[in-house]
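# Reading the structure
Given next are the chains, with one letter for each unit.
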Amino acid sequence: TIMRVLVTGAAGRLGGAVAAKLKARGCVVTGVDRLAAPQAKLELDRWFTIDLAATTESAPDAKGGDAASLLGEAMHGIEAVVHCAAWPGPSATPPPAVVASGRSSPPVIGLEAILPAKLLKDNVGSTAALCDAAVKAGAKRFVFSSSAFAFGYSHVPAGPQAFVPQYLPIDENHQATPLESYGLSKLAGEQVLSAASRTALDCSFVSLRFTNIVKRERWSDLPWSAPTAAEPLTLLMWAYVHEDDVIDAHVAAVTDAATADKGTHELYVLSAPDTRFAQPTVPLLASTHGLERVRGADGLVGNASPLSAAKAERRLGIKFKSWQQPKRGVHIAASPSSPSPSPLPFSPAAGTPRHRSVPKWNGTRLFALLPTSPQPKPKLESDSASHPATVTTPTRRASTALIAATPVATVATATFTTATTCTAPSLNSVSLSGSGAAHRALSDPNLRFFPLHRFRLACGAELPASAHLAYRIYGPPAQESQGVILHPTSFDAVHDELEYQIGPGRTFDTNRYTVIVPNLLGNGVSFSPSTLSHTLSKEPAATDTGTDSATAATAAAASTSTDTCFFFPLVSVADNVRAQRAMLEAEGVSFPLKMIYGYSMGALQAYEWAVAHPNSTLSIAAVCGASKCGDLNAIFLRSLGAALQADSAWSDEKRRFVSPPTRGLRAFANIYAGWGVGAEWYLSRLYSAAGFFSADDFVERSYEPAFAGCDANDLLSQIRTWRAADVSVHAQGDWEAAMRRIRARVLLMPGDTDKYFTLTE
């Protein structure tokens, strides 16, 4: 049945997103706010402009209407209420005793410019009035946006006036001891609902205590620098939660009948599983707050959160995002054989659609290529003669757990023009700017670094001492597995963003195979502009055992193009593959490999392997990618590069960005938004199912923040690599002859609505 839902605070960010998502789920949604409906909210079924604070009085509200009567009208026929409207944070005025003590610290979040008593009156009064109106109207579910600050946020981060937990992690059973008016207002609101539940026996009540929300566009700011004894941070601010998880929790609390029984009030804590910091939690508690013997603290592993959201995970079905997990969300267009494309999950903050989606295939289908005995071909389906055959795949569902796999034990010696050992570079000697994703990936303790000192690129440049190929190995040692699978990264992706399909029983099953993921040169983890600490040598060597005739041809082509070697050289796909092969040889890997799997720009690398080294792999899987960059693809990439370089941060003299090109990155994101998802995403308004109010809202809250934290020099380097890709250099420019060099079995999986690796290519 269609549920009729009223959402307060619907002109705000949280309330509006919850309303839009409920609307997309098929609910009939009424929006209520003291502000008039913004343009983006006009698609809700009804809108009432009501000052809820005025509903506690009989006098007309500030708009001249009777607020209580208007609220009663808005409640007509409503089955569920979501109450998001409130003063959304603590007052900027601390309690008098805190002011007198002089211990109040500068806030790290926005505080409300309202007196504490007014905040308390408005928040509690509006909740009570709304609850009464909902029960009177016969609503069956009331969901309240509460706050974890009810446990005890304080304007004083540490000391006798600060919150001290009774035990850790804090869960729903922990005593609430608010220390200021906002936390008190939320606790009082919960008590209003508890009281109502004892008489409104046909209604159920749910309160969601969530921590400080991290917005999508600020997700890349994590992790924060750890607090210190000199600059502590109030304990509840150590916890955080992604805004998408809060939105999803509200929707689940409304639509899932099992969330709360009739005549009851259920409380749920919403929090990410870790803190905002990379450092372990228990030592930080001791050093910053002097908390050395808190009951249960010994059970906090690593940088575990001081809050527990186990109940919400179990009963609301929320898998809370962590800054330590991959951040980029995905979307895959519906198969053309579907009679009507249905909206698919899209999570712009778990990152955003920076790359087209990576579908998760049934392992049996993909690994039909792997056994040595003959296997049937993958099933192909076609909806009509007008659509070429496509492999139908389910939607990717990102994993919330990172894979803890056994790395290969032995690291051998590699030789280019000198012999060097495979050791990690000193990060103190490398000038790290780079993206947040790259920084996260570089902190992976299982990451390995293969030295590329004096590795000569096809363009003639020789790499400096700090150059390296970063990679990770999953599963058993190669000598003990059923074979090695190489899974190179795609454009602006890093290795940990591929882990959702790597692990025991997953598509790349580490119970059977050794999986090696090399980071693309230029992605900020392997050698990149953001890791460059030395001037490159551009003098070509008289002899170069690391460059074959095919890559020499690439160098010749590069010398006559606009992609000549500037401050950071053109790194070709062929260069990446040569470096990967040298790394595998140093690791003692035997050829042929079982498979090379590549998505998008990773598919360019898979093709390069199959053409340049025909006997190196038994099979390749090329997903949403081609063997070269075609003209349409190249123009798309040219537009991205031009948008970046139009920013004043670009230096023609230095051939690089000298500061972050904020406007250039925004323009880059807006162009990418037109290419990165299929046309149906916009034409059929599929973005509305993901909680976006409009196409503009989708771009502004997904693509723009996703690229805002990127390193523009790294992006430009990867664009040049992508644009120069062409396997025909291995056959003197004859593409068909180059393709005839392939000996591996090939699973080619194009997307028929792919806008830059087109089906024809």
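In what follows, the structure referred to is the one given above.
These lines cover the structure that appears in this document, whether it is placed above or below. Position labels on residues start from 1 in each chain and follow its written sequence. Only residues with pLDDT of at least 70 get local features here, since the model is predicted, and only at 80 or more are side-chain atom pairs given and counted; chain-wide, interface and lining totals rely on the full set of residues. Hydrogens and water are ignored here; the side-chain numbers use all heavy atoms of the structure.

Note: two strands are recorded as paired if DSSP finds a minimum of 2 bridges between them. A run of DSSP states H or I qualifies as a helix once it reaches four residues; a run of E qualifies as a strand once it reaches two. Both are numbered from the N-terminal end. Across the sheet, which stays open at both edges, the 7 strands sit in the order β3-β2-β1-β4-β5-β6-β9 with parallel pairing between neighbours. The sheet is open, and its two edges are formed by β3 (46–49) and β9 (265–270), each paired on a single side. Each neighbouring strand pair of the sheet contributes to a mean axis angle of 15°, computed without reference to strand direction. With 6 bridges connecting them, strand β6 (residues 204–210) and β9 associate as parallel partners. Of the residues in β9, the one forming a bridge with F205 is H265. Each axis is a line fitted through C-alpha atoms, and for a helix only the stretch in contact is used; angles between axes span 0 to 180 degrees, taken between their N-to-C directions.

Moving on, we get to the pattern of salt bridges. Proximity of charged atoms lets side chains of opposite charge pair with each other. One side-chain nitrogen of Lys or Arg within 4 Å of one carboxyl oxygen of Asp or Glu is enough to make a salt bridge. Applying the stated criterion to the full structure yields 24 salt bridges. Between D45 and K23 there is a salt bridge, with the nearest N and O atoms lying 2.8 Å from each other. Remark: K23 occurs in helix α1 (residues 13–24) and D45 occurs in the loop between β2 (28–33) and β3; sequence separation between them is 22 residues. Here R216 and E243 are joined by a salt bridge, their closest N and O atoms 3.5 Å apart. One end of the pair, R216, is in the loop between β7 (213–214) and β8 (241–242); the other, E243, is in helix α6 (residues 243–255), with 27 residues separating them in the sequence.

So, on to the packing of helix α12 (residues 573–586) against helix α13 (residues 601–612). For the pair α12 and α13, the least separation of the axes is 9 Å and the interaxial angle reads 70°. Judged on the interaxial angle alone, α13 and α12 are roughly perpendicular. Like other packed secondary-structure pairs, α12 and α13 cross with a definite hand, here right-handed. Contacts from V573, A574, N576, V577, Q580, R581 and L584 in α12 reach L604, Q605, E608 and W609 in α13. Classifying every residue of the contact of α12 with α13 by side-chain character gives 6 nonpolar, 3 polar and 2 charged. We call two directions roughly parallel when the angle between them is under 35 degrees, roughly antiparallel when it is over 145, roughly perpendicular when it lies between 65 and 115, and oblique otherwise. Note: crossing handedness is left-handed where the near helix turns anticlockwise from the far helix by less than a right angle, and right-handed where it turns clockwise. Here, residues are in contact when the closest pair of their heavy atoms is within 4.5 Å. Asp, Glu, Lys and Arg are counted as charged, while Ala, Val, Leu, Ile, Met, Phe, Trp, Tyr, Cys and Pro are counted as nonpolar; the rest, among them Gly, fall into the polar class.

Quick look at helix α17 (residues 695–708) now. Given 3.6 residues to a turn, an α-helix orients residues that are three or four positions apart in the same direction. Here α17 spans 19 Å end to end across 14 residues, near enough to the 20 Å set by a 1.5 Å rise per residue. Burial classes: relative accessible area under 20% of the type maximum marks a residue as buried, over 50% as exposed, and values in between as partly exposed (1.4 Å probe, protein chains only). Within α17, burial applies to D697, F698, V699, R701, S702, Y703, P705, A706 and F707. To estimate the expected span of a helix, count its residues, drop one, and scale the result by 1.5 Å.

What follows covers unusual backbone geometry. Look at the link from L168 to P169: it is a cis peptide, with omega at -10°. Mapped onto the elements, P169 comes out in the loop between β5 (141–145) and α5 (181–197). Cis geometry marks the peptide bond from L222 to P223, where omega comes out at 5°.

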